[in-house]
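Secondary and tertiary structure notes
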Amino acid sequence: MAIVSIVVELKDQPGQLLRALEPISRYGGNILGILHQREKMTPLKIIPVEISIKIDENRVEDMINAIKENGVNVRSYNEIRLVATTSALLVGHIIHTDLSDTVRKIDKTGYAEVIDMHINMPQLNEPSTAMITISATGKEKLQDAMKLLNEVCRNKDILVIEPLNEEY
Amino acid sequence: MITVIKIAIIGFGVIGRGVAEVLLEKKEEIQNRIGEYSIVAVCEKDGVAYNPDGLGWEVLKMKGGDFSEGSTVDIIETAEFDVAIEVTPTDIKKGEPGLTHISECLEKGSHVITSNKGPLVVAYSKLQELAERNEVQLMFEATVGGGMPLIKLVRNDLAGNEIDSIRGILNGTCNYILSRMESEKLTYNQVLTEAKELGIAEADPTYDVEGIDSAAKVVIIANALLNMDITYDDVEIEGITAITPEAFEVAMERDYTIRLIGEVSRETGSLKVSPRLISTHHPLAVTGTLNAVQIRTDLAKDIVVIGRGAGQKETSSAIISDLIEIFRK
């Protein structure tokens, strides 16, 4: 699996985004995030839009070509190959302590991403549980990401239950 | 040449009495392996019983007032014995009173067998040096895993292997609580109450549930089996008190469960006790009060042992096997 970040240039008109997204879904890409960079709008009303996608690394080229064929200008793209994945359980006041901040800290590393999250909230003010899955560009990077996760969670008093398997 | 092996039992609580009972009950079988022996001294907080010609079954019936006045240290200094079985309660901070007992016994040239983690956690290398200098052995199978063989398994049967890591479930109380939370979907406090009623958890369960007991065992494993030189403070410790039933629920959706794992790994440099996600199919995913340990080696690869970690008879098993190891004919 790879995580690809594409910057496409879209006209500020209805239906534009769909032309970029359709090929992504056709090639089995999972969209992780879409960011309209409105502040970077050009005088010709072209908006750069950054799309993060998780996709089979062998289909990246075809997907990019398909987006171009749909008439969308791809300004740039970069690919992070994620070769190592692990899951961990977080137990505690995950939501109250700003879950998105926790995720952002991992994503900001540039070498690791939170690729999946499953949250169970029993009751308000009771500790909740999340199964978080993190991918990174290599085993060592994944260990670094887990260290970072532990650090962030320690400061927030969240228990991190790491897996026993060494397939880090 | 020893004609009759003289044994002193230091600490006469549940474990001490259990060992005395096995020594009397299985005397014939054990003597076939090591030769004639007798229990010459039993030491308790309240006093001592000493008979150079050997104490018999009557010793098991002795209670507080039945012991004659005298201190354990006096017996160690004055009585003649070949091996001391030191089974006083553990104090992992100072190691006492076991540390003094064991040091003095080794100093006077007596072998020592112990189930007491404290002295080993506090002063493992010092005690080993003392034993070597006095040409006696310090044996401690009972300190880790109770009836489950680990120390001698690694030292004898896996001799010649490089030990990469040892990890597993080292505390039966925690394992009982976690496996009941898993199967009954109860809260930590509900299961803890149940465990106290069943005598599986102590009235003050801190030592077990905070991971302290497991960490003490991690120190012993690291020092004795992986030739490290670490102290209790080197171990990262996280207990089980924050674990919720929902954590099990989320884990189970992916076929995982949660267990408190003690880990010593040369490869990752990890020295820790923490709740971990493990596959429900993993050999360490044992239930109830069982202990289980996975030993990773260069030649034999992975070995897993599972057994009862505590209990009077189980601990006696480890102590008797140490005794036989020392005096084997």
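Going by the structure above, here's the rest.
To start, this report covers the structure provided alongside it.

Conventions we followed
- Residues numbered from 1 in each chain as written.
- Chains lettered and ligands numbered in written order.
- Predicted model: local features only at pLDDT ≥ 70, side-chain atom pairs only at ≥ 80, totals over all residues.
- Heavy atoms only, no water.
- Phe/Tyr/Trp six-rings, centres within 6.5 Å; stacked < 30°, edge-to-face > 60°.
- Helix = DSSP H or I, 4+ residues; strand = E, 2+ residues; numbered from the N terminus.
- Buried < 20%, exposed > 50% of the residue type's maximum accessible area, 1.4 Å probe, protein only.
- Contact = heavy atoms within 4.5 Å.
- Buried area = accessible area lost by both parts, 1.4 Å probe.
- Salt bridge = Lys/Arg side-chain N within 4 Å of Asp/Glu carboxyl O.
- Polar contact = N/O pair within 3.5 Å; in protein donor to acceptor, adjacent residues only side chain to side chain.
- Nonpolar A, V, L, I, M, F, W, Y, C, P; charged D, E, K, R; others polar.

All names here are of chain B. This model, assessed by the stated rule, comprises two aromatic pairs over all chains. Between the aromatic rings of F12 and F67, the centroid separation amounts to 6.4 Å while the plane-to-plane angle is 85°, which identifies the pairing as edge-to-face. Within this pair, whereas F12 is found in the loop between β1 (5–10) and α1 (14–25), its partner F67 is found in the loop between β3 (48–55) and α3 (72–78), the two being separated by 55 residues in sequence. The burial state of F12 is the same as that of F67; both residues are buried. With centroids separated by 5.8 Å and ring planes inclined at 85°, the aromatic side chains of Y124 and F140 adopt a geometry described as edge-to-face. Of this pair, Y124 sits in helix α5 (residues 117–133) while F140 sits in the loop between β6 (138–139) and α6 (151–157), and the two are 16 residues apart along the sequence.

Moving on to the interface of chain B and chain A. Listed as interface residues are 23 residues of chain B and, on the opposing side, 19 residues of chain A. Here chain B and chain A share an interface that buries about 1900 Å² over both sides, 61% of which is from carbon and sulfur atoms. Its largest share of buried area at the contact with chain A, chain B owes to V250, R254 and L277 of chain B, together 33% of the area lost on that side. Put simply, chain B and chain A have two salt bridges between them. We note a salt bridge from R254 of chain B to D116 of chain A, for which the minimum N-O separation is 3.0 Å. At the boundary of chain B with chain A, the tally comes to 11 residue pairs in polar contact (both at pLDDT 80 or more). Among the residues making up the side of chain B that touches chain A, the classes are represented as 12 nonpolar, two polar and nine charged.

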